[in-house]
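Okay, here's what each chain looks like letter by letter:
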Amino acid sequence: MIDQESLLDILHFRHACKLFDEGKKISKDNLTFILETARLSPSSFGMEHWRFIVIKNQELKETLRPLCWDQPQITTCDALVAIVAKHELVSTPSYYEAMFARRGLGADVVQVYIQKYENYINALPSIKAWSQKQCYLAASNIMNYSAMIGIDSCPIEGFERENVEKALGIDTTKESMALFVALGYRVNPQTPKYRLAFDEVVEFIE
Ligand SMILES: Cc1cc2nc3c(=O)[nH]c(=O)nc-3n(C[C@H](O)[C@H](O)[C@H](O)COP(=O)(O)O)c2cc1C
């Protein structure tokens, strides 16, 4: 077990890194570990709403940068992870039925899950938005576990959706961009962390 103080140190180390050291590359082993933490993220009904496009190609990063508010993180990071939400797949019966069936439950229990799931997704205002929300959980794992191994990150929501989806060849009838996470090593010392006080955001009801 890691002690609480060390874990909090890691959370303080993690920050939205604005500029990465272009000369420092993430090892293949570390990058695989980070993506594994993303793959293991929780998701609503266990539907794993995501896929991850890991952009190492500099030319593509250069194409994306102007579509992402010209943010330097896009071109200076070593790996730019685009997290894509699969809204069509998670609403396709053959997919979600298989996702429930893989749990090794009895057919009648699986049927109950399927019914619950269908009722749930049919009541959603937007399956696309719901799927994108799940992708943020994977992004959180990516950022926090990267910090645990000394790797910096920046979540990026500042992008022109339509243009980015086009540049990445995303079929928007089936999928949508949730967000990017840029990964690499910091150039500058991090800025101070600003957070509301504990008591302003935490309420205990006993
Ligand atoms: C979903 C999400 C999207 C964000 N998008 C951007 C972005 O496009 N560019 C950027 O520089 N920072 C972005 N940020 C970083 C936040 O501004 C930052 O997390 C916040 O100010 C707290 O600072 P810290 O992460 O350094 O502790 C984003 C953060 C989140 C969670």
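A brief report on the enclosed structure follows. (Residues numbered from 1 in each chain as written. Predicted model: local features only at pLDDT ≥ 70, side-chain atom pairs only at ≥ 80, totals over all residues. Heavy atoms only, no water.)

**Considerations on the site of the ligand**
- Around the ligand, the surrounding shell holds 14 residues, and the nearest of these are A16, K18, Q71, K193 and R195.
- When the ligand is considered free in solution it has 620 Å² of accessible area, and contact with the protein chains removes 65% of it.
- Per-element accounting of the shell around the ligand gives the leading share, three residues, to strand β3 (residues 152–156).
- Class assignment of the residues belonging to the shell around the ligand gives a composition of five nonpolar, four polar and five charged. (Near = heavy atom within 4 Å. Areas by Shrake-Rupley, 256 points an atom, 1.4 Å probe, with all protein chains shown as cover. Helix = DSSP H or I, 4+ residues; strand = E, 2+ residues; numbered from the N terminus. Nonpolar A, V, L, I, M, F, W, Y, C, P; charged D, E, K, R; others polar.)

**Describing helix α7 (residues 127–148)**
- Here α7 is 22 residues long and its end C-alpha atoms lie 33 Å apart, about the 32 Å a rise of 1.5 Å per residue gives.
- What α7 keeps buried is the set W130, S131, Q132, Q134, C135, A138, A139, N141, I142, M143, S146 and A147.
- Once α7 finishes, G150 follows within two positions and takes phi at roughly 75°, a positive value. (Expected span 1.5 Å × (residues − 1). Buried < 20%, exposed > 50% of the residue type's maximum accessible area, 1.4 Å probe, protein only.)

**Structural notes on the packing of aromatic side chains**
- For the coordinates displayed, the defined rule picks out 11 aromatic pairs.
- Relative to Y117, the ring of F45 has its centre 5.0 Å away and its plane inclined at 80°; by these criteria the two rings are edge-to-face. Placement of the pair is F45 in the loop between α2 (28–39) and β1 (50–55) and Y117 in helix α6 (residues 107–123), with a sequence separation of 72 residues.
- By relative accessible area, F45 is classed as partly exposed at 24%.
- Ring plane angle 50° and centroid distance 6.1 Å describe the contact between Y117 and W130, whose orientation is recorded as tilted. Here Y117, found in helix α6, pairs with W130, found in helix α7; they are 13 residues apart in sequence, far enough to count as distant.
- Exposure remark for Y117: the relative accessible area of 0% places this residue in the buried category.
- Through successive ring pairs, a cluster of aromatic residues spans F45, Y96, F100, Y113, Y117, Y120 and W130.
- The ring of Y185 is capped by K24, whose NZ or CZ atom sits 4.7 Å from the centre of that ring. (Phe/Tyr/Trp six-rings, centres within 6.5 Å; stacked < 30°, edge-to-face > 60°. Lys NZ or Arg CZ within 6 Å of the ring centre and 35° of its normal.)

**Focus: the pattern of salt bridges**
- The final tally for this structure, using the stated rule, is nine salt bridges.
- In this structure, R51 engages E175 in a salt bridge whose closest nitrogen and oxygen atoms are separated by 2.8 Å. On the criterion of sequence distance, the pair formed by R51 in strand β1 and E175 in the loop between α8 (161–167) and β4 (176–184) is long-range, its members being 124 residues apart.
- Residue class for R51 comes out partly exposed when judged on its relative accessible area of 31%.
- The buried category is assigned to E175, whose relative accessible area is 14%.
- Among the salt bridges present, the one from R186 reaches D152, with a minimum N-O distance of 2.6 Å. (Salt bridge = Lys/Arg side-chain N within 4 Å of Asp/Glu carboxyl O.)

**A closer look at the packing of helix α5 (residues 93–101) against α6**
- Taken N-terminus to C-terminus, the directions of α5 and α6 make an angle of 135°; their axes are 10 Å apart at the nearest point. Relative to α6, α5 is oriented oblique. Where α5 crosses over α6, the handedness of that crossing is right-handed. Across from Y96, E97, F100 and A101 in α5, the residues of α6 making contact are V110, Y113, I114, Y117, E118 and I121. (Axes fitted to C-alpha atoms, helices over the stretch in contact; angles between N-to-C directions. Parallel < 35°, antiparallel > 145°, perpendicular 65-115°, else oblique. Left-handed = near helix turned anticlockwise from the far one by under 90°. Contact = heavy atoms within 4.5 Å.)

**Brief notes about the pairing of strand β2 (residues 79–85)**
- For β2, the tally of buried residues reaches seven of seven residues, placing the bulk of the element in the interior.
- Residues of β2 alternate between two faces, with A79, V81, I83 and A85 on one and L80, A82 and V84 on the opposite face, all of them buried.
- Direction of pairing for β1 relative to β2: antiparallel, over a ladder of six bridges. Along β2, the bridge assignment pairs W50 with A85.
- Sheet analysis places β2 next to β4, joined by seven bridges and oriented antiparallel. When the sheet's bridge partners are listed, A85 is paired in β4 with S176. (Pairing = 2+ DSSP bridges.)

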